[in-house]
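# Overview (structure and organization)
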Amino acid sequence: MTLGATTSGIDFELVRLGILEGTVTEAATGAPLEDVLVSVVQPLPFVSEITFTDAAGRYRFAGLPAGTYFLKADDFNFLPEAYQEIPCPDFCDVNEVGTPVPLELEQAVSGLDFTLEPYGSISGTLTDAVTGQPVEVPGPFTFEIQVFNDEGRFEESGFADSSGSYRVFRVPAGQHFVRTDARASPYLDELYDDQPCYEGCDVTGGSAVAVVSDSETPNIDFALDRGGLITGTISDAISGEPL
């Protein structure tokens, strides 16, 4: 390079990066879903991006290097999915369960679509087995109802209100097991339907509860027994004074 001179021929040939795109719709109706979080991940070399669907349910990732990618769609009211139509709840690893999507430079891969299933819910009441009256709830968020999948894995929970009523939202369609967690209350825990279930019990020994997408499964009720009480005092062995 010479001062005052122009050096020409310093050219660049740019290569367009790749594009991944598709749509997200509701499975039952085909209606587009807006503001669904869609994520794309490539394990090695690591790439991770997110975007949200528009009003037509469309999403698009541009400027991606060549590689193999995994996609996931996630919305609070719908069961998350990995591409291609694979349930992928909060604990799942999309790199392990998802369908790999290869991408080359200057390539646009479209039709990477998701059809999401709405969650269902489970509801019921908790009553005292002797009186038939609503259980005594010590305070908010203290009397928990837990839902497990057909393999015994925890999925979701809810809490009983002062009337003993509860409803657990965001439950996927399928067979589930339900148990109580009384915590500070005087009641003994149960597994539906009417089975004692203390710390560490096998929840898959209960009666299965069927849940359907976008529907409430009602009347999953519990009639709980009160536990007994053991009382006494602790005293000094020599002086007899209470400790």
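Structure report, in brief.

Rules used throughout
- Sequence order sets the numbering: in each chain, residues are counted from 1 along the sequence as written.
- Local features in a predicted model are, by the rule used here, given only for residues with pLDDT of at least 70; side-chain atom pairs are given and counted only at 80 or more, and totals for whole chains, interfaces and linings are based on all residues.
- No hydrogens and no water enter the side-chain calculation; it runs on all heavy atoms of the structure.
- Where helices and strands are cited, they refer to DSSP runs of H or I of at least four residues and of E of at least two residues respectively, numbered from the N terminus.
- Whether two residues touch is decided by their heavy atoms; if any such pair falls within 4.5 Å, the residues are in contact.
- Any residue under 20% of the maximum accessible area for its type is buried, any over 50% is exposed, and the rest in between are partly exposed; the area is computed with a 1.4 Å probe on protein chains only.
- Two strands are said to pair when DSSP picks up at least two bridges between them.
- The disulfide definition used here is simple: a pair of cysteine sulfur atoms within 2.5 Å.
- Only Phe, Tyr and Trp rings take part, Trp by its six-membered ring, and two of them pair if their centres are within 6.5 Å. Stacked means planes under 30 degrees apart, edge-to-face means over 60, and tilted covers everything else.
- A ring has a charge above it when a Lys NZ or an Arg CZ is no more than 6 Å from the ring centre and no more than 35 degrees off the ring normal.
- A carboxyl oxygen of Asp or Glu within 4 Å of a side-chain nitrogen of Lys or Arg is what we treat as a salt bridge.

## Section: the side chain of Glu81
Secondary-structure assignment places Glu81 in strand E6 (residues 78-82). In contact with Glu81, not counting residues within four places along its chain, are Leu71, Lys72, Ala73, Ile86, Cys88, Phe114, Thr115 and Leu116.

## So, the pairing of strand E11 (residues 120-128)
Of all nine residues in E11, seven are buried, a share of seventy percent or more. Across five bridges, the pairing between E11 and strand E14 (residues 165-171) is antiparallel. Across the sheet, the residue bridging to Ser123 is Arg167, located in E14. Both E11 and strand E19 (residues 216-217) contribute to a ladder of two bridges, which runs parallel. Residue pairing across strands places Ile122 opposite Thr217, the latter belonging to E19. In terms of strand pairing, E11 meets strand E20 (residues 222-224) through three bridges, oriented parallel. Among the inter-strand pairings, Thr127 is bridged to a residue of E20, identified as Ala223.

## Here we look at the state of the cysteines
This model, assessed by the stated rule, comprises two disulfides. With a sulfur-sulfur separation of 1.6 Å, Cys88 is cross-linked through a disulfide to Cys92. Cys92 shares its class with Cys88; the two are buried. Each sulfur of the disulfide joining Cys197 and Cys201 lies 1.7 Å from the other. When the S-S torsion is -45°, as for the bridge of Cys197 with Cys201, the disulfide is left-handed. Of note for the protein chain: the bonded cysteines, numbered N- to C-terminal, pair according to 1-2, 3-4.

## Here's the deal with the packing of aromatic side chains
Using the criterion set out here, one finds seven aromatic pairs in the structure. With 6.2 Å between their ring centres and 50° between their planes, Tyr59 and Phe114 make a pair best called tilted. A residue pair is termed long-range when its members are at least 10 positions apart, and Tyr59 in strand E4 (residues 58-64) and Phe114 in strand E10 (residues 114-116) qualify at 55 residues. For the pair Tyr59 and Phe114, a shared accessibility class is recorded, and that class is buried. Between Phe148 and Phe154, the aromatic rings sit 5.9 Å apart at their centres with planes inclined by 75°, giving edge-to-face as the arrangement. An aromatic cluster of three or more residues is present, and its members are Tyr59, Phe61, Tyr83 and Phe114. Taking NZ or CZ as reference, Arg170 lies 4.4 Å from the ring centre of Phe76, over its face.

## Looking at the pattern of salt bridges
For the coordinates displayed, the defined rule picks out seven salt bridges. Its salt-bridge partner being Arg167, residue Glu216 comes within 3.7 Å of it at the nearest N-O pair. Here Arg167 lies in strand E14 and Glu216 lies in strand E19, a separation of 49 residues in the sequence. Classification of Glu216 by relative accessible area gives partly exposed; the value is 39%. Relative accessible area serves as the criterion here: at 36%, Arg167 is assigned to the partly exposed category. Among the ionic contacts, a cluster of salt bridges with common partners joins Asp128, Glu136 and Arg226.

## Some details on unusual backbone geometry
Each neighbour pair has its own omega, and for Leu44 with Pro45 the value is -15°, a cis peptide bond. Looking at where Pro45 falls in the secondary structure, it is placed in the loop between strand E2 (37-42) and strand E3 (47-52). Here the residue pair Tyr192 and Asp193 is connected by a cis peptide bond, since its omega of 15° sits within 30 degrees of zero. Its place among the elements puts Asp193 in the loop between strand E16 (190-191) and strand E17 (195-196).

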